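Chain residues, written in single-letter form:
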Amino acid sequence: MIANKKVAFYTLGCKLNFSETSTIARNFVNEGFERVDYSEKADIYVINTCSVTDNADKRFKTIVKNALKKNDEAFLIAVGCYAQLKPEELAAVDGVDLVLGATEKFNVTSYINDLSKNEVGEVHSCEIVDADFYVGSYSIGDRTRAFLKVQDGCDYKCTYCTIPLARGISRSDTLQNVIENAKEISSKGIKEIVLTGVNIGDYGKGEFGNKKHEHTFLELVKELDQVNGIHRLRISSIEPNLLKDETIDFVSQSNAFVPHFHIPLQSGSDELLKKMKRRYLRQTYTNRVEQIKATMPNACIGVDVIVGFPGETDELFLETYNYLNDLDISYLHVFTYSERPNTEAVAMQGVVPKKTRAKRSKMLRGLSAKKRRAFYESQLGNTLTVLFESENKEGYIHGFTENYVKVKTPWNPDLVNTLHTITLTNIDEDGLVRFDFLKAPITI
């Protein structure tokens, strides 16, 4: 009898993985399992894997060991991107009992017969061409915000990326289903929804199991903006070539969408962008940033950038560094290039030494800190709205403004998951922003 058994989850990687873990967890609960925190003893541990970097691969073994320390008889299941790409490798890790690929992960409970340990992990994975159907997901683990999946897979062929191999072709949720999920999230008292997917600007493709576009990303945004009870909608990450002027203009006048964009750049060098097979050149990126700042001067703009890609000379790295230094952006997410099997980049000439990659990464992280500080300073004196988080961090409660300025004030449990109008006053020594309250909480 496996009902009433305890199950715990660990998620590696992106917001999309978090939304999918949350959905898988709800399936377990609906079938009579009790969900517990990963730090607790459980009968089953489900690890949702990532394949974007080497580090995520290595961390998997550590997570498995930690689970077995809590319960050496626990049934261990691996799902997610790495489970799709290297199922046999994961199955060979000591203690892993079941590995499920891209199409099987949402049916995980149907693969559990009894919970006896396997000598070698059992593998159920598909050819990635079979991952052509869509499973909607959203996460509601955090009281203040939810990650809502609207799209999966990718048709792009970036030379460094394994995601199309791990997640399959680009496909979308139906507009009706996204709206229904958004309403369900709203009904639970969650104030903010973050839209997520692999390539969300491609929304609409595959909505009906083929390449026909019934709806566009702009139509999705407009429909979501009409859902009652959602105070904030945030676009997590969108390709610069798919972020259209019409979307930027709509967000600038929207009821719920906030002035915060995260736009992958990857390199400030056209030469490297071509080698990466990105679908734009630097000028397109510049135009996107200028358009956002023209319509929303206080908007926060985050940037993904890769350092150490094959062929990145000192000169080309400095081209990226100087480009970002001059650009009106707010922070960087810096990724150190790591070789991934079955990608074009693995065979490219001009491999950058690991030490050089680390040095360049450190330089860009320093630039990110400088950019974030400058952005926060530019916001001092502004009146904004903060949504408070649910955690007590060393006697303080943190929150984010609509344009993603992180603020802090002494802990007060009554503030959790409430919205307040504030004026930003000064930057604390830890880099977070202090403020004055202007009004009582916004009533819901």
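See the structure shown above.
All values reported here derive from a predicted model rather than from experimental measurement.

Caption draft 1: Up close: the pattern of salt bridges. Taken as a whole and judged by the stated rule, the model has 25 salt bridges. Of the charged contacts, one joins Lys 105 and Glu 20 as a salt bridge, the two residues approaching to 3.0 Å between their closest N and O atoms. Of the two residues, Lys 105 is situated in the loop between strand S5 (96-100) and strand S6 (122-124) and Glu 20 in helix H1 (residues 15-30); the sequence distance between them amounts to 85 residues. The exposure classification of Lys 105 matches that of Glu 20, with both residues buried.

Caption draft 2: Fine view of the sheet that holds strand S1 (residues 6-11). Spatially, the 6 strands line up as an open sheet ordered S2-S1-S3-S4-S5-S6, and their pairing is parallel. Each edge of the open sheet carries a strand with a single partner, namely strand S2 (34-35) and S6. With 6 bridges joining them, strand S3 (residues 44-49) and strand S4 (residues 75-80) adopt parallel strand pairing. Residue pairing in the sheet places Ile 47 in a bridge with Ala 78 of S4. Contacting S1, S2, S3 and S4, H1 crosses the sheet at an angle of about 175 degrees to S1.

Caption draft 3: Expanded view of the sheet that holds strand S12 (residues 232-235). Spatial ordering of the open sheet is given by S7-S8-S11-S12, a layout of 4 strands whose pairing is mixed. At either margin of the open sheet sits one strand with a lone partner, and together these are strand S7 (138-139) and S12. Relative to S12, strand S11 (residues 192-196) runs parallel, the two sharing 4 bridges. Looking at the pairing, Glu 192 lines up with Arg 232 of S12. Contacts from helix H6 (residues 175-187) reach S7, strand S8 (145-149) and S11, with the element oriented near 165 degrees to S8.

Caption draft 4: Region of interest: the side chain of Ser 172. Among the structural elements, Ser 172 can be located in strand S10 (residues 171-172). Within the structure, Ser 172 has its side chain in polar contact with the backbone nitrogen of Gly 204 (distance 2.9 Å). One polar contact links the side chain of Ser 172 to the main-chain carbonyl oxygen of Lys 205, over a distance of 2.8 Å.

How each quantity is defined
Residues numbered from 1 in each chain as written. Predicted model: local features only at pLDDT ≥ 70, side-chain atom pairs only at ≥ 80, totals over all residues. Heavy atoms only, no water. Salt bridge = Lys/Arg side-chain N within 4 Å of Asp/Glu carboxyl O. Helix = DSSP H or I, 4+ residues; strand = E, 2+ residues; numbered from the N terminus. Buried < 20%, exposed > 50% of the residue type's maximum accessible area, 1.4 Å probe, protein only. Pairing = 2+ DSSP bridges. Contact = heavy atoms within 4.5 Å. Axes fitted to C-alpha atoms, helices over the stretch in contact; angles between N-to-C directions. Polar contact = N/O pair within 3.5 Å; in protein donor to acceptor, adjacent residues only side chain to side chain.

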